[in-house]
Amino acid sequence: MSSDFEAYELDFGTITAEVTNKIGRIPKLSGEEKTQLVLNVDKQLEEVRELLEQMDLEVREIPIQSRPMYNSRLKSYKGEIEKLEKDFKRSRIAYSDEVRNDLLGDDAGSSENQRAHLLDNTEKLERSSRRLEAGYQIAVETEQVGQEILSNLHSDREKIQKARERLRETDANLGKSSRILTGMLRRIIQNRVLVFMLGAIILLTIILAIYFNLRGH
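Residues numbered from 1 in each chain as written. Predicted model: local features only at pLDDT ≥ 70, side-chain atom pairs only at ≥ 80, totals over all residues. Heavy atoms only, no water.

Visitor: Mind showing me how you'd approach the side chain of Gln44 here?
Guide: Take Gln44: it is sitting in helix H2 (residues 31-61). Given the relative accessible area of 9%, Gln44 is considered buried. Within the structure, Gln44 has its side chain in polar contact with the side chain of Lys22 (distance 3.1 Å). Ignoring any residue separated from it by four or fewer positions in sequence, one finds Gln44 in contact with Ile15, Glu18, Val19 and Lys22. (Helix = DSSP H or I, 4+ residues; strand = E, 2+ residues; numbered from the N terminus. Buried < 20%, exposed > 50% of the residue type's maximum accessible area, 1.4 Å probe, protein only. Polar contact = N/O pair within 3.5 Å; in protein donor to acceptor, adjacent residues only side chain to side chain. Contact = heavy atoms within 4.5 Å.)

Visitor: For this particular structure, what's the right way to read the layout of surface pockets?
Guide: Where empty space is left becomes clear once a probe the size of a water molecule has been rolled over the atoms. Of the voids in this model, the largest pocket is the one considered here, and its volume is about 390 Å³. Every residue lining the largest pocket is counted, 14 residues in all, and those nearest its centre are Arg49, Leu52, Glu53, Lys78 and Glu133. Listed by contribution, the elements that provide at least two residues to the lining of the largest pocket are H2, helix H3 (67-92) and helix H5 (108-216). When residues of the lining of the largest pocket are assigned to their parent elements, the largest contribution, 6 residues, is made by H2. Across the lining of the largest pocket, the residue classes break down as 4 nonpolar, 1 polar and 9 charged. Mapped onto the lining of the second largest pocket, the elements with two or more residues apiece are H3 and H5. (1 Å grid on protein atoms, 1.4 Å probe; cavity = no way out; pocket = protein on both sides within 12 Å on 5 of 7 lines; lining within 4 Å. Points joined across faces, edges and corners; volume = space filled by probe spheres on them. Nonpolar A, V, L, I, M, F, W, Y, C, P; charged D, E, K, R; others polar.)

Visitor: Help me understand the UniProt feature "transmembrane region" (unreviewed entry) in the protein in this model?
Guide: Mapped onto this structure's residue numbering, the UniProt feature "transmembrane region" (unreviewed entry) falls at residues 193-214. Secondary structure across residues 193-214 comprises 100% helix and 0% strand; the distance between its end C-alpha atoms is 32 Å. (UniProt positions renumbered as here; feature names shortened; annotations may be inferred.)

In C-alpha cells:
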C-alpha cells in the first residue's frame, strides 16, 4: 500500500511543479492565450485533487501504527494545493504592469480597486472552503475511530463467545469425570464388601472345620 502512496506522491510533485510554473505565467498573458492557460491549469488542479483523494484512500488501508506519518504528509500536500489554488485565483485576475497598461490605459487605478475587491471575496470563499474541509476531515476521522471501535467490539465479542464455549466444554468434562469417579467409588465399595463377605465365610469355614475335628476326637 505504501508503494502506491509514494507513486501518487511522485505524480503530485510533477503536476504541482508544472502548475506553479504556469500560474506564474498567467498574469503576463491576455486574451485567448491566457484563457487557454487558465483552462489547462484548472484541469491539472483537478487531477491533483483526484490524486489527493487516492492518497487519502491509500492511507486508510495502511496499518494503524504507520498511519500517523502518512496522515502528516497528506496534510502537508493538502496545504500545498490550497496555496496553489489561492495563487491560481489571484493570477486569473492579475496582470503584469505591461499587460495592464495595454488593456486599461488610464483606467488602471479603477482596475486595481476592482482587483482588491475580488481578492477580498476570494479570501472569504477560501476561508469558507477551509472550514468545510476541516469539517470533512473531522467527519472522516470520526468515521475511522467508529470503525476501529466496532472492530474491537466485534473482536471482544468473539473472544467472550469462545470463552463461554470453553466453559461449557469444561463443565461437560467435569460432569463426565464426576460420573466416572462416582462409578469407580461404587465399585470399590462393592469390592470391599465382597472381600469382607468372603473373609467371613472363610473364617466361619475354618471355625466349623476345627469344631467338627475336635468333636470327632
